[in-house]
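Each chain, letter by letter, is given below.
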Amino acid sequence: MAAATASDVSLRNGAEAVRLAESALNVQPNNAEVLDTLAAAYAEEGQFSRASSTEVHALELAEAQANKPLTAAIRAHLALFAKQKRFREDRKSL
């Protein structure tokens, strides 16, 4: 996820993050963590609508798995994306 969420701008590459996350999704299509990563990558690219819809799908999967920590993280990310803010690993947003 660092290519999309690193606090150091020199480490971020949104387009590469999207490419890698989409490839991972092809291998693990029902993985909430992969979808969460893809959503962060979309947000890094400024595609907040796409990020939000991807994150909603991730939330559904995380809730179905009763993964409370992941569910909480996804909800926090959704709130950021709704405000058109990007997620950063240091928990700060741009």
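## Considerations on the overall build of the protein chain
- Counting secondary structure elements, the protein chain contains 5 helices and 0 strands.
- Considering the protein chain as a whole, with its 94 residues, one finds that 40% of them fall into the buried category.
- Counted over contacts in the protein chain with a minimum sequence separation of 6, partners at least 24 positions apart contribute 48%.
- When the accessible surface of the protein chain is split by element, carbon and sulfur atoms take 52% of a total near 5,300 Å².

## A few points about the environment of Ser49
- Positionally, Ser49 belongs in helix H4 (residues 48-64).
- Between the C-alpha atoms of Ser49 and Gln84, which are 35 residues apart in sequence, the distance is 8.7 Å.

## Points about helix H5 (residues 68-82)
- End to end, H5 covers 21 Å across 15 residues, agreeing with the expected 21 Å (1.5 Å per residue, within 8%).
- Restricting attention to buried positions, one finds in H5 the residues Leu70, Thr71, Ile74, His77, Leu78, Leu80 and Phe81.
- The elements touched by buried residues of H5 are helix H3 (32-44) and H4.
- Immediately downstream of H5, the backbone of Gln84 shows phi near 55°, a positive value.

## Some words on the pattern of salt bridges
- Here the structure, examined in full by the defined rule, presents 3 salt bridges.
- Glu16 is the salt-bridge partner of Arg19, the closest N and O atoms lying 2.7 Å from each other. Of this pair, Arg19 and Glu16 both sit in helix H2 (residues 14-27), 3 residues apart, which is roughly one turn of that helix.
- A salt bridge links Arg75 to Glu63; the shortest N-O distance between them is 2.4 Å. Separated by 12 residues along the polypeptide, Arg75 in helix H5 and Glu63 in helix H4 bring together distant segments of the chain.

What counts and how
- In every chain, residue numbers begin from 1 and rise along the written sequence.
- A pLDDT threshold of at least 70 governs which residues receive local features in this predicted model, and a stricter bar of 80 or more applies before side-chain atom pairs are shown or counted, although totals over entire chains, interfaces and linings include all residues.
- With hydrogens and water excluded, all non-hydrogen atoms of the structure serve as input to the side-chain values.
- Runs of H or I in DSSP of at least four residues are treated as helices and runs of E of at least two as strands, each being numbered from the N terminus.
- Here the term buried applies to any residue with accessible area under 20% of the maximum for its type, exposed to any over 50%, and partly exposed to those in between, with areas from a 1.4 Å probe on protein chains only.
- Contacts: residue pairs with any heavy atoms within 4.5 Å of one another.
- For the accessible areas, the method is Shrake-Rupley and the probe is 1.4 Å, while residue cover comes only from the protein chains on display.
- Helices are assigned an expected span. That span is 1.5 Å times one less than the residue count.
- Should a side-chain nitrogen of Lys or Arg be within 4 Å of a carboxyl oxygen of Asp or Glu, the pair is scored as a salt bridge.

These figures capture arrangement, not role.
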